[in-house]
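Architecture at a glance
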Amino acid sequence: MTEIFGYTACRQLSQMFLAVFFFHSSEYVLAAAIHGRSKVNLGSLLISKAYVFAMMFSWLEYVVEIALFPGLKEYWWISNLGLVMVIIGEIIRKLAIITAGLSFTHLIKVYHEEHHNLITHGVYRFFRHPSYTGFLIWSVGTQIMLCNPISATGFAIVVWRFFAQRIPYEEFFLRQFFGSKYEEYALRTPSGVPFVK
Ligand SMILES: C[S@@+](CC[C@H](N)C(=O)[O-])C[C@H]1O[C@@H](n2cnc3c(N)ncnc32)[C@H](O)[C@@H]1O
């Protein structure tokens, strides 16, 4: 049990805490900067019950594994790969938010609003859903960083399924708003989420 107070746990758990803190606070700050403080509420922190449950499970997995199988957490090349994923995922997501500007809202728009333009430049040139690409890489990266095999697999499946269901729904409205422009864009640009067309 002493491992929980050792260098490995202190470093990996601090990295995790910083990754989570930076992700959520920057989501809030960007939403406030783009949409104005009056339009932003605690929902902009993007913390749902399911998410809190998943994160708590991952901390529990970490503590149990470091106590019972401390060697599992010493694969530094795996942990560092996760850290790189966290940084890359964060950068892709934030570039998407900044590039889309007013067109980026945390909730999917089901009515077209005047300021909602079709974004196809910047990171949107490479992927239709760069913020989802970024979040998928970031979230799985947090678990690889902790060398958490169960949570890494669980996060990959759950987050992938969530976006695989959300993308067709979101694109139904984007096709209504932007018609053939969106159709052409979708034909030449991959979704950015593996196995989602
Ligand atoms: C949470 S944002 C996610 C945006 C995009 N799916 C991504 O991953 O970067 C959801 C909102 O973005 C809008 N949106 C998605 N793709 C867009 C695009 N290429 N241009 C403009 N708005 C877009 C949707 O209409 C929706 O209201």
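Scoring rules and cut-offs
Residues numbered from 1 in each chain as written. Predicted model: local features only at pLDDT ≥ 70, side-chain atom pairs only at ≥ 80, totals over all residues. Heavy atoms only, no water. Helix = DSSP H or I, 4+ residues; strand = E, 2+ residues; numbered from the N terminus. Buried < 20%, exposed > 50% of the residue type's maximum accessible area, 1.4 Å probe, protein only. Contact = heavy atoms within 4.5 Å. Lys, Arg positive; Asp, Glu negative; His and termini not counted. Charge placed at Lys NZ, Arg CZ, Asp CG, Glu CD. Near = heavy atom within 4 Å. Polar contact = N/O pair within 3.5 Å; in protein donor to acceptor, adjacent residues only side chain to side chain. Areas by Shrake-Rupley, 256 points an atom, 1.4 Å probe, with all protein chains shown as cover. Axes fitted to C-alpha atoms, helices over the stretch in contact; angles between N-to-C directions. Parallel < 35°, antiparallel > 145°, perpendicular 65-115°, else oblique. Nonpolar A, V, L, I, M, F, W, Y, C, P; charged D, E, K, R; others polar. UniProt positions renumbered as here; feature names shortened; annotations may be inferred.

1. Some details on the overall build of the protein
Of regular secondary structure, the protein possesses five helices and zero strands. Beginning at the N terminus, the succession of helices and strands in the protein can be written as α-α-α-α-α. The principal-axis extent of the C-alpha atoms belonging to the protein is close to 60 × 35 × 25 Å. Scored against the burial criterion, the 197 residues of the protein give a buried share of 43%. Put simply, 79% of the contacts in the protein that link residues at least 6 apart link residues at least 24 apart. Charged side chains of the protein number 16 positive and 12 negative; the gap between the two group centres comes to 5 Å.

2. Remarks on the site of the ligand
Of all residues adjacent to the ligand, which total 20 residues, the nearest are His116, Tyr124, His129, Ser131 and Glu170. Histidine 129 places a polar side-chain atom, nitrogen or oxygen, 2.7 Å from a nitrogen atom of the ligand. Coverage of the ligand by the protein chains reaches 99% of its 560 Å² of free accessible surface. Mapped by element, the contributors of at least two residues to the shell around the ligand are α4 (130-145) and α5 (149-188). With four residues, the top contributor of residues to the shell around the ligand is α5.

3. Remarks on the packing of helix α1 (residues 7-35) against helix α2 (residues 49-68)
Two numbers describe how α1 lies on α2: the axes approach to 11 Å, and their chain directions differ by 170°. With respect to α2, the element α1 is oriented roughly antiparallel. The residues of α2 that touch α1, namely those facing Thr8, Ala9, Gln12, Leu13, Met16, Phe17, Val20 and His24, are Tyr51, Met55, Ser58, Trp59, Tyr62 and Ile66. Residue classes in the contact of α1 with α2 are distributed as ten nonpolar, four polar and no charged.

4. Here we look at the UniProt feature "transmembrane region" (unreviewed entry) in the protein
According to UniProt, the feature "transmembrane region" (unreviewed entry) maps to residues 16-34, 46-69, 75-92 and 135-163 in the numbering used here. Strand forms 0% of residues 16-34 and helix 100%; the C-alpha atoms that close the span are 27 Å apart. Here residues 75-92 runs as 94% helix and 0% strand, with 26 Å between its end C-alpha atoms.

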